[in-house]
Amino acid sequence: MEYSERLKRLPVQFFATLVNKVNKAIDEGRDIINLGQGNPDQPTPEHIIKALQTAAEDPKNHKYSPFRGINELKEAAAAFYLREYGVEINPKSEVAILFGTKAGLAELPMCLLNKGDLMLLPDPGYPDYLSGTVLADVRYETFPLKAENEFLPDFSVIPKEQRETAKLMYLNYPNNPTGATADRAFFEKTVVFAKENRITILHDFAYGAIGFEGKKPISFLEIEGAKEIGVEMYTLSKTYNMAGWRVGFAIGNPVIIEGLNLIQDHLYCSLFPGIQMAAAAALTEDQTCVDELVTRYERRRNTFIKACRQIGWDVCAPAGSFFAWIPVPEHFTSEEFADYLLEKADVAVAAGKGFGEFGEGYVRVGLLVDEDRLVEAVERIGQLGLFQSYA
Ligand SMILES: Cc1ncc(COP(=O)(O)O)c(C=O)c1O
């Protein structure tokens, strides 16, 4: 039996190799500090779990439930956007419930593009964006995110032919992997660019809650005209430590939302209502847990950066997300450096090349272990003698 051409063309998961190497090292009994992944380490807050438990006991939730999700969650998403970003949303027509935003990101090209159409993706970028291009049989080109532009795209360097033919562009701020954030002026430019070139924008707001130094990341939908040309995707995975629950939503342009709902009518039959009720509780109830989470990540960030600078590793502090994006020392490729740290320091990091060509020269560190382990990781790296210590 043979797989379809489509399946065969699916991108090889670059990080599967890293996971295998890390697991092998752990099996050998080594004490690996794993900073290579993006999996939140804290538990889901108690009140959200309680909401699931209550909903799970209600027999009405044991049946097939509305295909397009329950009203409570759509209304909660709309209330959340109004409260957090001052954005007015019609819960009936402007919210689509997703089985995690990974699913929505893969579905969107199938909703909006025809075979061979062009979409534009960030480089470096979240590797799973590529899955949707293959499933929809479309072409993609990448645009670079460079340190000199604070990891924001420079729309003026996108070739004319690409600007004129592309139908869809993905953006993501706070950014995985660079930790960069976008300001209002950038999103305003994005709306102008999208309108001029008739390109639909998907803004992936996965790390929307995580901004440091009191700077709350802004939603793309706050910009006038954004809803005319795009949607945002919001996941509960990071904000509420619900990565295992698989729940998120797309929000914004009603035509796109209808497209996502339509494709999901054919793929699934509604996310378990208990999870949707718990997600609604997360979005609308007490947000202290989110403040605590951001404080925790900021403390880790500060501790990590300080430790890096002490060993002489020149590292920029990320403005948002839970990642640090760090240049590798001279004479190493990103993959060689990641392998070296795993072998010599028992520290796992993600090689930048896995996020695209412009990720070469960097490694991504996930701030997803406690501060003492972060310090220990940096101390182990310091002992390799690669940097000129300031201490
Ligand atoms: C940039 C980005 N977008 C989307 C996702 C997917 O999140 P989920 O499928 O859990 O909603 C992730 C997960 O790591 C991510 O880093």
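Provided above is the structure to which this section pertains.
Keep in mind that what you see is a predicted model, and the values were worked out from it rather than measured.

A.B. asks: In this structure, what is going on with the overall build of the chain? I would like to understand it.
C.D. replies: From N to C terminus, the chain includes 15 helices and 12 strands. The globule rule puts the C-alpha radius of gyration for 391 residues at 21 Å, and the 21 Å found for the chain is close to it. Once the C-alpha set of the chain is aligned to its principal axes, its extents read approximately 60 × 55 × 55 Å. For the chain, the proportion of its 391 residues judged to be buried stands at 54%. Carbon together with sulfur atoms contributes 51% to the accessible area of the chain, which is approximately 17800 Å² in total. Of the side-chain charges in the chain, 40 are positive and 55 negative, and the distance between the mean point of each set is 3 Å.

A.B. asks: What should I look at first to understand the environment of Leu145 in this one?
C.D. replies: The topology assignment puts Leu145 in the loop between strand 4 (139-144) and helix 7 (160-165). On the accessibility criterion, Leu145 (3% relative accessible area) is buried. Between the alpha carbons of Leu145 and Phe212 there is a distance of 21 Å; along the sequence they are 67 residues apart. Among all residues touching Leu145, those that are not within four sequence positions of it are Pro122, Asp123, Pro124, Phe151, Leu152, Pro153, Tyr173 and Asn175.

A.B. asks: Looking at this structure, how should I read the sheet that holds strand 8 (residues 248-252)?
C.D. replies: The pairing of strands in a sheet comes from backbone hydrogen bonds and takes either a parallel or an antiparallel form. Within the open sheet, the 7 strands sit side by side as 2-8-7-6-5-3-4. Their pairing is mixed. Since the sheet does not close on itself, it has two edges, and those belong to strand 2 (95-98) and strand 4, each with one partner. Averaged over neighbouring strand pairs, the angle between their axes works out to 20° when direction is ignored. Across the sheet, helix 4 (residues 71-85) is in contact with strand 2, strand 7 (230-235) and strand 8; its angle to strand 8 comes to roughly 65°.

Calculation criteria
Residues numbered from 1 in each chain as written. Predicted model: local features only at pLDDT ≥ 70, side-chain atom pairs only at ≥ 80, totals over all residues. Heavy atoms only, no water. Helix = DSSP H or I, 4+ residues; strand = E, 2+ residues; numbered from the N terminus. Rg over C-alpha atoms; globule rule 2.2 N^0.38 Å. Buried < 20%, exposed > 50% of the residue type's maximum accessible area, 1.4 Å probe, protein only. Areas by Shrake-Rupley, 256 points an atom, 1.4 Å probe, with all protein chains shown as cover. Lys, Arg positive; Asp, Glu negative; His and termini not counted. Charge placed at Lys NZ, Arg CZ, Asp CG, Glu CD. Contact = heavy atoms within 4.5 Å. Pairing = 2+ DSSP bridges. Axes fitted to C-alpha atoms, helices over the stretch in contact; angles between N-to-C directions.

Just geometry here; none of it tells us what the structure is for.
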